[in-house]
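Working through the structure, step by step
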Amino acid sequence: MAVRESTARWSGALKDGSGTMRLGSGAFEGPYSYPSRFEDGAGTNPEELIGAAHAGCYSMALAAGLGKAGFTPSSIATTARVHFGASGGVVTISRIDLDTAATVPGIDGDTFQKIAAETKEICPVSKALAGVEITLSARLG
């Protein structure tokens, strides 16, 4: 089984400190800070990276599910919107909305919707985030 690694380094206090996050592969390294996480400041944040991971995982899992059913997608584009903020005095991820559009020759809408919904449940990142509400909007196009 593969083990993936990423690292984060932080210096300073919460509001005036800063840090960097780096993927183990070296494909991404970026700064993050209080403003990039809780405001509209420059840099990235953990929730944005979770969204990218979820969108990528779901797209690949959907391709696999479609393939098992005998369909080869021409394209799959997924956006993950991670809702993050204070709830009851605790900062939390409250919901992730997956929005996917796929071009799949030869598939009908009902079959596509069934596979898309099943994929949301078996996507490894969806499973890892099971404590968070995950919604799905899936369409052919």
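I will try to describe carefully the structure that is included in this document. Please read these numbers as outputs of a predicted model, since none were measured by experiment.

**Details of the overall build of the chain**
A tally of helices and strands in the chain yields four helices and six strands. Taken from N to C terminus, the helices and strands of the chain fall in the order β-β-β-α-α-β-β-α-α-β. Each principal axis of the C-alpha atoms in the chain carries an extent, and together these give about 55 × 35 × 25 Å. Among the 141 residues that make up the chain, the fraction classed as buried is 30%. Relative to all contacts within the chain whose residues are 6 or more apart in sequence, the contacts with residues 24 or more apart total 50%. Positive and negative charge centroids in the chain, built from 12 and 14 side chains respectively, lie 5 Å apart.

**Digging into helix α2 (residues 46-68)**
Compared with the 33 Å implied by 1.5 Å per residue over 23 residues, the 33 Å span of α2 between its first and last C-alpha is a close match. Residues of α2 that are buried include every one of Glu-47, Gly-51, His-54, Ala-55, Cys-57, Tyr-58, Ser-59, Ala-61, Leu-62 and Leu-66, and no others. The opening residue of α2, the one whose side-chain oxygen lies 3.2 Å from the backbone nitrogen of Glu-47, is Asn-45. Directly beyond the C-terminal end of α2, a positive phi value near 90° is found at Gly-70.

Calculation criteria
The written sequence of each chain sets the order in which its residues are numbered from 1. For a predicted model such as this one, the threshold for reporting local features is a pLDDT of at least 70, and the threshold for listing and counting side-chain atom pairs is 80 or more; totals across whole chains, interfaces and linings nevertheless cover every residue. The basis for the side-chain values is all heavy atoms of the structure; hydrogens and waters are excluded. The numbering of helices and of strands both runs from the N terminus, where a helix is a DSSP run of H or I of at least 4 residues and a strand a run of E of at least 2. Only protein chains enter the area calculation, which uses a 1.4 Å probe; residues under 20% of their type maximum are buried, those over 50% are exposed, and those in between are partly exposed. We call two residues in contact when some of their heavy atoms are within 4.5 Å. Lys and Arg are tallied as positive, Asp and Glu as negative. Neither His nor the chain termini are counted. All charge positions are set by atom: Lys at NZ, Arg at CZ, Asp at CG, Glu at CD. In a helix, the anticipated span is given by 1.5 Å times the number of residues less one. As used in this structure description, the phrase polar contact means that two N or O atoms lie within 3.5 Å; if the pair is within protein, one of them must be able to donate a hydrogen and the other to accept it, and residues adjacent in sequence are counted only when both atoms belong to side chains.

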